[in-house]
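If you want the building blocks of each chain, they are given just below.
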Amino acid sequence: MIKLSPSILSANFVRLEEEIKILEKEGIEYVHIDVMDGMFVPNISIGMPVIKSIRKVTNLTLDAHFMIEKPERYIDEFISLGCDIINFHYEATDKHNEIIKKIKDANKKVGMTIKPKTSYKEILPYLKDLDLVLVMSVEPGFGGQKFMEDSLEKVSEIRKYINENNLKCELEIDGGIKLDNVEKALKAGADVIVVGSDIFEKEDKALAIKQYKDIFEKF
Ligand code: DX5
Ligand code: ZN
């Protein structure tokens with residue numbers, strides 16, 4: 001089943017609970033939360049207190065995408081905040097196995113993300129231990145950027161590897177997804193789709209979600 005993971009980076013933060021209730025009502029699968037530290041990426045977004053507050057108002061699966069340098073410093077906090085999926089960047093650490101083990105030992109799902117310039121081959125050795133792999137289709141840091149077409153080939157290669165090796169790892173794509181290019185990502189083999197601005201900047205967010213779901217039905 002294809003899952004939708006709306007990114008609240010483009011949400012109205014003073015009405016976050018209301019916006020999350022719309023997501024719940026529309027039956028979305030994951031809530032994508034972008035955490036940025038101003039070091040790993042040139043932007044600062046939201047952090048721990050906000051995730052904690054979100055956890056209090058929803059039971060939806062929280063798909064937290066940590067764009068931070070040396071994520072190993074905060075894994076315990078991420079676990080205690082109630083994130084369901086803890087997703088860190090391959091490029092941000094050299095402690096991959098240690099982080100994966102810690103997250104799994106806490107019975108949380110673990111994801112690893114690669115930036116556009118990172119080869120998919122770098123993460124293949126980790127896939128057997130991951131619940132999710134995230135291919136960035138924009139340079140991480142900002143919502144509303146243009147989709148990078150060359151991410152599609154990475155998605156297909158990773159999909160091939162997952163299928164050939166019979167792995168359970170989900171394959172997520174994030175950045176620049178719109179109603180008119182999402183099919184390309186699905187065809188390439190992505191099964192978790194992050195959408196930020198194309199949902200939250202629309203007047204009718206529920207309708208936008210329905211439109212994505214209609215497309216997903218074809219796959
Ligand atoms: C960018 C974030 C994305 C972002 C996607 O660094 O990881 O999740 O919110 O936003 P759109 O869908 O607008 O590209
Ligand atoms: Zn993200």
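In this report, the structure presented in the accompanying data block is examined.

What counts, and where the lines are drawn
Residues numbered from 1 in each chain as written. Chains lettered and ligands numbered in written order. Predicted model: local features only at pLDDT ≥ 70, side-chain atom pairs only at ≥ 80, totals over all residues. Heavy atoms only, no water. Donors = N, O, S within 2.8 Å, 3.2 Å for Na, K, Ca; no water. Helix = DSSP H or I, 4+ residues; strand = E, 2+ residues; numbered from the N terminus. Buried < 20%, exposed > 50% of the residue type's maximum accessible area, 1.4 Å probe, protein only. Polar contact = N/O pair within 3.5 Å; in protein donor to acceptor, adjacent residues only side chain to side chain. Contact = heavy atoms within 4.5 Å. Pairing = 2+ DSSP bridges. Right-handed = clockwise from strand over helix to strand, strands pointing away. Near = heavy atom within 4 Å. Areas by Shrake-Rupley, 256 points an atom, 1.4 Å probe, with all protein chains shown as cover. Nonpolar A, V, L, I, M, F, W, Y, C, P; charged D, E, K, R; others polar. Core = buried A, V, L, I, M, F, W, Y, C linked by side-chain atoms within 4.5 Å. Axes fitted to C-alpha atoms, helices over the stretch in contact; angles between N-to-C directions. Parallel < 35°, antiparallel > 145°, perpendicular 65-115°, else oblique. Left-handed = near helix turned anticlockwise from the far one by under 90°. Phe/Tyr/Trp six-rings, centres within 6.5 Å; stacked < 30°, edge-to-face > 60°. Lys NZ or Arg CZ within 6 Å of the ring centre and 35° of its normal.

### Some points on the coordination of the zinc ion (ligand 2)
Then step 1. Distances from the zinc ion (ligand 2) to its protein donors, H32 (NE2), D34 (OD), H65 (ND1) and D174 (OD), fall at 2.0 to 2.3 Å.
Then step 2. Sequence spacing of the donor residues for the zinc ion (ligand 2), all on one chain, is H-x1-D-x30-H-x108-D. A residue pair is termed long-range when its members are at least 10 positions apart, and H65 in strand β3 (residues 61-67) and D174 in strand β7 (residues 170-174) qualify at 109 residues.
Then step 3. Residue D174 is classed as buried on the basis of its relative accessible area of 9%.

### So, the side chain of N181
Then step 1. Counting through the fold element by element, N181 comes out in the loop between β7 and α6 (182-188).
Then step 2. At 2.9 Å, the side chain of N181 forms a polar contact with the backbone oxygen of G176.
Then step 3. Among the polar contacts made by the side chain of N181, one reaches the main-chain amide nitrogen of K178 at a distance of 2.7 Å.
Then step 4. Beyond its immediate stretch of four places on either side in the chain, N181 contacts F147 and G176.

### A short note on the pairing of strand β4 (residues 85-89)
Then step 1. In terms of burial, β4 is largely enclosed, as five of its five residues are buried.
Then step 2. In β4, alternate side chains face the same way, and those of I85, N87 and H89 on one face and I86 and F88 on the other are all buried.
Then step 3. Pairing analysis gives four bridges linking β3 to β4, with the strands arranged parallel. Directly across from F66, in β4, lies its bridge partner F88.
Then step 4. The parallel pair β3 and β4 is bridged by helix α3 (residues 75-81), and the resulting crossover is right-handed.
Then step 5. Pairing of β4 with strand β5 (residues 109-114) involves five bridges; the strand directions are parallel. Each bridged residue has a counterpart across the sheet, and for I86 the counterpart in β5 is V110.

### A short note on the site of ligand 1
Then step 1. The environment of ligand 1 is formed by 20 residues, the closest being S7, G141, D174, G176 and S197.
Then step 2. With the chains in place, 100% of the 380 Å² that ligand 1 exposes on its own is no longer accessible.
Then step 3. Contributions of two or more residues to the shell around ligand 1 are made by β2 (30-36), β3 and β8 (192-195).
Then step 4. Here the shell around ligand 1 takes three residues from β2, the largest share from any one element.
Then step 5. Considering only residue class, the shell around ligand 1 consists of eight nonpolar, ten polar and two charged.

### Observations concerning the nonpolar core
Then step 1. Residues I158 and I193 are the most contacted members of the largest nonpolar core, which totals 64 residues.
Then step 2. It is helix α8 (residues 205-217) that contributes the most residues to this core, five residues altogether.
Then step 3. If we skip the residues at most four places from it in the chain, I158 touches I114, Y120, I123, L127, V133, V135 and L171.
Then step 4. By size, the runner-up hydrophobic cluster in this structure holds seven residues, among which are I85, L132, M136 and V138.

### Considering the sheet that holds β2
Strand pairing in a sheet is mediated by backbone hydrogen bonds. Such pairs are either parallel or antiparallel.
Then step 1. An order of β1-β8-β7-β6-β5-β4-β3-β2 is seen for the eight strands of this open sheet, with the pairing classed as parallel. If you trace the sheet from one side to the other, it starts and ends with β1 (3-6) and β2, each paired once. Recorded for the sheet is a direction-independent mean angle of 25° between the axes of neighbouring strands.
Then step 2. Taken together, the four bridges between β1 and β8 define a ladder with parallel strand orientation.

### A short note on the packing of helix α1 (residues 16-25) against helix α2 (residues 48-57)
Then step 1. Packing of α1 against α2 brings their axes to within 11 Å, and their N-to-C directions diverge by 50°. Considering the angle they form, α1 stands oblique to α2. Along this stretch, α1 crosses α2, giving a crossing that reads as right-handed. Contact residues: L16, E17, I20, K21 and E24 in α1; V50, I54 and V57 in α2.
Then step 2. Its residues placed into classes, the contact of α1 with α2 shows five nonpolar, no polar and three charged.

### Observations concerning the packing of aromatic side chains
Then step 1. One pass over the structure, following the stated rule, counts four aromatic pairs.
Then step 2. The structure contains a cluster of three or more aromatic residues connected by ring pairs, namely F66, Y74 and F78.
Then step 3. Positioned above the aromatic ring of F40 is the side chain of K115, whose terminal nitrogen or guanidinium carbon lies 4.8 Å from the ring centre.

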